[in-house]
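Chain by chain, the residues:
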Amino acid sequence: MTKEILFIHGAGGYAEDGKLAAALQTALGKDYTIRFPQMPNEDAPEYPEWKSTILAELAEMNDE
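Draft legend 1. Quick look at helix α1 (residues 14-28). Its 15 residues place the ends of α1 20 Å apart at the C-alpha level, agreeing with the 21 Å of an ideal helix rising 1.5 Å per residue. Backbone geometry just after α1 places G29 at a positive phi near 85°.

Draft legend 2. Region of the structure containing the pattern of salt bridges. Evaluation of the coordinates by the stated rule reveals three salt bridges. Note that E4 and R35 form a salt bridge whose closest N and O atoms lie 3.3 Å from each other. A residue pair is termed long-range when its members are at least 10 positions apart, and E4 in strand β1 (residues 3-6) and R35 in strand β2 (residues 32-35) qualify at 31 residues. For the pair E4 and R35, a shared accessibility class is recorded, and that class is buried.

Draft legend 3. How the structure looks around the pairing of β2. Looking at chain direction, β1 and β2 are connected through four bridges and run parallel. Looking at β2, one finds that I5 is bridged to I34. The parallel pair β1 and β2, bridged by α1, forms a crossover whose chirality is right-handed.

Draft legend 4. Structural view of the environment of D17. Looking at the element boundaries, D17 is found in helix α1. Between the C-alpha atoms of D17 and F36, which are 19 residues apart in sequence, the distance is 9.3 Å.

Draft legend 5. Spotlight on the packing of aromatic side chains. The final tally for this structure, using the stated rule, is two aromatic pairs. Between Y14 and F36 the ring centres are 4.6 Å apart and the planes differ by 10°, which places this aromatic pair in the stacked class. Here F36 lies in the loop between β2 and α2 (47-60) and Y14 lies in helix α1, a separation of 22 residues in the sequence. We classify Y14 as partly exposed; its relative accessible area is 25%. For F36, a relative accessible area of 18% translates into the label buried. Ring-pair connections join several aromatic residues into one group, and the members of that group are F7, Y14 and F36.

Draft legend 6. Structural detail: α2. Spanning 14 residues, α2 covers 20 Å between terminal C-alpha atoms, matching the ideal 20 Å at 1.5 Å per step. Three or more residues of α2 are buried, namely W50, T53 and E57. The arc that holds the buried residues of α2, viewed along the axis, is 65°, so those residues lie on one side. Residues of α2 that are exposed and point over 90 degrees away from its buried face: Y47, P48 and A59. Close packing links the buried residues of α2 with β1 and β2.

Parameters at a glance
- Residues numbered from 1 in each chain as written.
- Predicted model: local features only at pLDDT ≥ 70, side-chain atom pairs only at ≥ 80, totals over all residues.
- Heavy atoms only, no water.
- Helix = DSSP H or I, 4+ residues; strand = E, 2+ residues; numbered from the N terminus.
- Expected span 1.5 Å × (residues − 1).
- Salt bridge = Lys/Arg side-chain N within 4 Å of Asp/Glu carboxyl O.
- Buried < 20%, exposed > 50% of the residue type's maximum accessible area, 1.4 Å probe, protein only.
- Pairing = 2+ DSSP bridges.
- Right-handed = clockwise from strand over helix to strand, strands pointing away.
- Phe/Tyr/Trp six-rings, centres within 6.5 Å; stacked < 30°, edge-to-face > 60°.
- Arc of directions from axis to C-beta.
- Contact = heavy atoms within 4.5 Å.

Shown next as structure tokens:
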């Protein structure tokens, strides 16, 4: 089973941070999976929306 890493982009930075997420995946190799969700309303983030998305992502991840 691969280890999962949740990578959250910065505000307004999904496209830009995608390069970093891809580089991280390449560096870590096949033993890891990078989860890189696009966060809601990234140009004007709101805590409740981001919290909900992060919790949903964490719920789908394996226990490690």
